[in-house]
Amino acid sequence: MGWTLLGAGLLLALYTLLRHGLRRSPPLRARPELRGRTAIVTGGSSGIGAATALELARCGARVVLATRNAPRGEAAARRIRTETGNAEVLFMQLDLASLRSVRAFATAFLRQEPHLHLLINNAGERQDPRPPSLAPPDHPPWVAIASFAGVSAGGTTEDGFSLPFQVNHLGHFLLTQLLLERLQSCAPSRVVIVASRAHCAGRLRPDTLGRPPSGLLSTFQDYCDSKLANMLHARELATRLQGTQVTCYAVHPGFVNTELFRHTPLWLKPLFLPLAWLFFLDAAEGAQTSLHCATQEGLERFSGRYFADCRLQEPWPPARDDRLARALWEASERLVGLGGPGGNPSPAPAAGVQ
């Protein structure tokens, strides 16, 4: 019995050492003062979004949780109010898979909220899947295998677009455009777009934008395409907003163990869950780069750039293609009904992001 307990203790100690030695969490950050500032966090009822909203509320901000599921959104808002003592945390319904819902949310928000300083485009479909061959060189291959296991089934929205692409890009593109005037009137303000290192495998053709790709790994490709779109959206938005004191940033949150394995077959979960516990960040750690870009002073000159681990990073070449960024912007405007007759005006393009 004694040897059994000793062995179990040694295994637990080894597991804990491996967990803290192999995972890379962002550095701890000072808590800024955000009283008097209003933030929207999409997908704020769980995972990285909830952790982001919780920290913004702790800093004193008025926080709107913009999420699809009303019971979960209301419960998350109550939980954050209780935990932080900040009464200015509220839920507003937003379904990014419906452009009608995006417009309804923007109308309601602009009617009832006079200020907007931070827009955190966090909600996504789904969390950072990738096949093993696309694992970054500084991450163990198990991370890639486990991440790929979280791919969802995809699908098509009521607007006729692929579900991952609309939720990750088109819905947020429309939301940002509809709220842009309020962000400008409350400047200095910031937009944070949660992207992913999976943008490295993205392939965008503006003439087929929003259509589900074909092939064996179509859902994975759809996700990567949407993450490349996130990167290019941030780049072109920064270009068009130069001189307005509204800045924007694309971020990779890291490999985060939130609801990643909900689509994994039951027989695989005993293998993947311990690996996730070893290698993946928790939601609070995954929120750090978003919070860094939302609140850190002195980042204005990096508007349109890409951050990971709370540090400036160089994205893959397609994410630095200004011509593709402009083409994506113009195609996105057409798809969501902006920029034409009856649509909302868009900021004029300026010089490209360096």
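Look above for the structure.
Residues numbered from 1 in each chain as written. Predicted model: local features only at pLDDT ≥ 70, side-chain atom pairs only at ≥ 80, totals over all residues. Heavy atoms only, no water.

Engineer: I'm lost on the packing of aromatic side chains in this one. Help?
Structural biologist: Within the structure shown, the criterion is met by 4 aromatic pairs. Judged by centre distance (6.2 Å) and plane angle (20 degrees), the ring pair of Phe105 and Phe109 falls under stacked. Taken as a pair, Phe105 and Phe109 lie in helix α4 (residues 99-112) at a separation of 4 residues, close to a single helical turn. Taken as a pair, Phe105 and Phe109 share a single burial class, namely buried. Ring centres of Phe302 and Phe307 lie 6.4 Å apart, and the angle between their planes is 75 degrees; on these two criteria the pair is classed as edge-to-face. Taken as a pair, Phe302 and Phe307 share a single burial class, namely buried. Among the aromatic side chains, those forming a connected cluster through ring pairs are Tyr249, Phe302 and Phe307. (Phe/Tyr/Trp six-rings, centres within 6.5 Å; stacked < 30°, edge-to-face > 60°. Helix = DSSP H or I, 4+ residues; strand = E, 2+ residues; numbered from the N terminus. Buried < 20%, exposed > 50% of the residue type's maximum accessible area, 1.4 Å probe, protein only.)

Engineer: Help me understand the packing of helix α7 (residues 218-240) against helix α11 (residues 322-336) in this model?
Structural biologist: Packed helices, taken two at a time, are described by the angle their axes make and the gap between the axes. Close contact between α7 and α11 brings their axes to 9 Å; oriented N to C, the two are set at 90 degrees. Accordingly, the angle class assigned to the pair α7 and α11 is roughly perpendicular. Within the contact between the two elements, α7 uses Ala229, Leu232, His233, Arg235, Glu236, Leu237 and Arg240 and α11 uses Asp322, Leu324, Ala325, Arg326, Leu328 and Trp329. Here the contact of α7 with α11 is composed, by residue class, of 7 nonpolar, 1 polar and 5 charged. (Axes fitted to C-alpha atoms, helices over the stretch in contact; angles between N-to-C directions. Parallel < 35°, antiparallel > 145°, perpendicular 65-115°, else oblique. Contact = heavy atoms within 4.5 Å. Nonpolar A, V, L, I, M, F, W, Y, C, P; charged D, E, K, R; others polar.)

Engineer: It is not clear to me how the side chain of His169 should be interpreted in this structure. Could you clarify?
Structural biologist: Structurally, His169 is set in helix α6 (residues 163-185). Excluding residues that lie within four positions of it along the chain, His169 makes contacts with Pro164, Ser226, Ala229, Asn230, His233, Leu328 and Ser332.

Engineer: What is the right way to read the pairing of strand β2 (residues 62-67) from this model?
Structural biologist: Look at any regular strand and the pattern is simple: side chains alternate between the two faces of the sheet. Most of β2 sits out of view: 5 of its 6 residues are buried. Of the pairings in the sheet, the one linking strand β1 (residues 38-42) to β2 comprises 5 bridges and is parallel in character. Across the sheet, Ala39 pairs through a bridge with Val63, a residue of β2. With helix α2 (residues 47-58) bridging β1 and its parallel neighbour β2, the resulting β-α-β unit is right-handed. (Pairing = 2+ DSSP bridges. Right-handed = clockwise from strand over helix to strand, strands pointing away.)

Engineer: Just checking my understanding: could you explain the pattern of salt bridges for this structure?
Structural biologist: Side chains carrying opposite charge are able to pair once their charged atoms draw close together. For the coordinates displayed, the defined rule picks out 14 salt bridges. The shortest N-O distance in the salt bridge between Arg205 and Asp207 comes to 3.1 Å. Residue class for Arg205 comes out exposed when judged on its relative accessible area of 52%. Ionic pairing is found between Asp309 and Arg311, a salt bridge with its closest N-O pair at 3.9 Å. Since its relative accessible area comes to 12%, Asp309 is described here as buried. Here Arg311 falls in the partly exposed class, since its relative accessible area comes to 46%. Through salt bridges with shared partners, a single ionic network connects Arg31, Glu55, Arg58 and Glu83. (Salt bridge = Lys/Arg side-chain N within 4 Å of Asp/Glu carboxyl O.)

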